[in-house]
Structures are given as structure tokens and as C-alpha cells.
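These are the residues of each chain, in order.
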Amino acid sequence: MHKRILIVEDEASIRDMVSFALRKADMEAIAAADARAAQIAIAEQVPDLILLDWMLPGMSGLDLARRLRKEELSREIPIIMLTARGEEMDRVNGLEAGVDDYVVKPFSTRELIARIKAVLRRSQGDDGSGMVELGGLRIDGPAHRVFAGEEPVPIGPTEYRLLYFFMTHAERVYTRAQLLDHVWGGSVYVEERTVDVHIRRLRKTLEPWQLDAMVQTVRGSGYRFSANT
Ligand code: CA
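Residues numbered from 1 in each chain as written. Predicted model: local features only at pLDDT ≥ 70, side-chain atom pairs only at ≥ 80, totals over all residues. Heavy atoms only, no water.

Draft legend 1. Summary view of the pattern of salt bridges. Under the defined criterion, the tally for this structure stands at eight salt bridges. Note that Glu9 is salt-bridged to Lys105, the shortest N-O span being 3.0 Å. Note that Glu9 is positioned in the loop between strand S1 (4-8) and helix H1 (12-24) and Lys105 in strand S5 (residues 101-105), a separation of 96 residues in sequence. As far as burial versus exposure is concerned, Glu9 and Lys105 are alike and both buried. For Arg115, the salt bridge goes to Asp101, with nearest N and O atoms at 2.8 Å. With a gap of 14 residues between them, Arg115 in helix H5 (residues 109-124) and Asp101 in strand S5 connect regions that are remote in the sequence. What makes Asp101 buried here is its relative accessible area of 18%. (Salt bridge = Lys/Arg side-chain N within 4 Å of Asp/Glu carboxyl O. Helix = DSSP H or I, 4+ residues; strand = E, 2+ residues; numbered from the N terminus. Buried < 20%, exposed > 50% of the residue type's maximum accessible area, 1.4 Å probe, protein only.)

Set out below in C-alpha cells:
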């Protein structure tokens, strides 16, 4: 699954350079020139990570970061701030706003991609080996198997994909449409009700280990996978 990265930057040359580097690194690049465009892009589809320029016209990158942290849909999206030299003293403000990392301009795209991968690994509990562990559950990605403690969990193929997506995107809320897009690959003829059916099956799958409460319904929004039950 390609990681979707949103770059919010008003300088077209940097936007283009970063978008190019992201695609070369096998990631999907979405570009926005200001905070407003970024919010529209996020509402359309939640990205896996946001690269956020500090100095934007209109709402600043810092204010946008604060705002994103307040909203349920965007609260858990990792943010890497792009700052110019001299803005580093504002790091404290950035940390308060919930920013995950900084890259100081001018940066090499190689450095930027490395930082993106590190933040993604940290935030998604996947160390790159395809092994994911969370809240007593473990997925062995290469073997396509799920374990609760040491016990193998019998699981259907769709429930497996759903669980894998949830465990690598924990603590975030996804709408049914977003889950369809991420887990079913955006097949237009699958109804949103289908998501509810597989959510129910996933809960049933996890029930014998009392882990079904991790699959949470967020009223009016969608679903969230959380280790905090
Ligand atoms: Ca700028």
C-alpha cells in the first residue's frame, strides 16, 4: 500500500521537488499551496503524513498544525514541519502544537525521505519487517498470520486486510468511504454497508481473546482501532 503524503508549501519549486522525490520513493504525493487547500485535501482523504511549511500565506503552518490536532479526523496524522534556518527557536511552539519532527531548509530530498520513513515507522508500529504489534495482537505480515499472544487467530482475508490497516493506522478515525478506499482499494461498486459487515466479523474474530473492544465505533464518523479500551 502506497503511503499518501500531503505536502503543504507555498513555494512551487519546493512543492514540485518534494513531490517528485516522494513519487520516486514509491509514495503518493498530494500538494497544497496553503492551509485552506490542505484542509480540503485532508477532508477528501486522510493522508498518512503531512509535510507542513512553517511560513505559509494566510494561516501559518504552526496554526494549521494546532488546528489539525484539535480535530478528530486529523488528530493522529504525523506532521513533519519544514522550517527555514532561524525559525528553529520556535521548535518549542511546534512541539506544543504536536509536531512530530522538523526538517530545516535547505534540505536534501534523501534526508527528507529518511525522516518521513522514520516518523511513519514510529507512528504506525511497523518496523519495516511487516511485523506489527499492538494491544496484545501481533501480525506476521510476510506469513499473513495473526496471533493473540502466542495463539494463532483464524481470520478471513478481508478481515485480515482490515485488521492490518487498522493496526498500522491505530488511534485514528476513518469513515466508511476511507476504509473502502484503503482496504478494498476503492472499488466503486462496494457499498459502505459492506464495511459494517466486515467490522462485525472482525469483532467476532477477536472476541474469544476479549480484544474486540479495540474496534471502536465513532458515532457519526466511522471507525477507529485503539489499544486504549
Ligand atoms: Ca513558505
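Draft legend 2. Representation of the packing of helix H6 (residues 157-168) against helix H8 (residues 192-206) within the structure. Where H6 contacts H8, the axes come no closer than 10 Å and their chain directions differ by 85°. As far as their axial angle goes, H8 and H6 are roughly perpendicular. Of H8, the residues touching H6 (which contributes Thr158, Glu159, Leu162, Leu163 and Phe166) are His198, Ile199, Arg201, Leu202 and Leu206. Classifying every residue of the contact of H6 with H8 gives six nonpolar, two polar and two charged. (Axes fitted to C-alpha atoms, helices over the stretch in contact; angles between N-to-C directions. Parallel < 35°, antiparallel > 145°, perpendicular 65-115°, else oblique. Contact = heavy atoms within 4.5 Å. Nonpolar A, V, L, I, M, F, W, Y, C, P; charged D, E, K, R; others polar.)

Draft legend 3. A look at the sheet that holds strand S9 (residues 151-152). Sheet architecture is open: four strands sit in the order S6-S7-S8-S9, paired in antiparallel fashion. Both edges of this open sheet fall to strand S6 (131-134) and S9, since each of them pairs with a single strand only. The strands that H6 touches are S6, strand S7 (137-140) and strand S8 (145-148); relative to S7, the one it contacts most, it runs at about 115°. (Pairing = 2+ DSSP bridges.)

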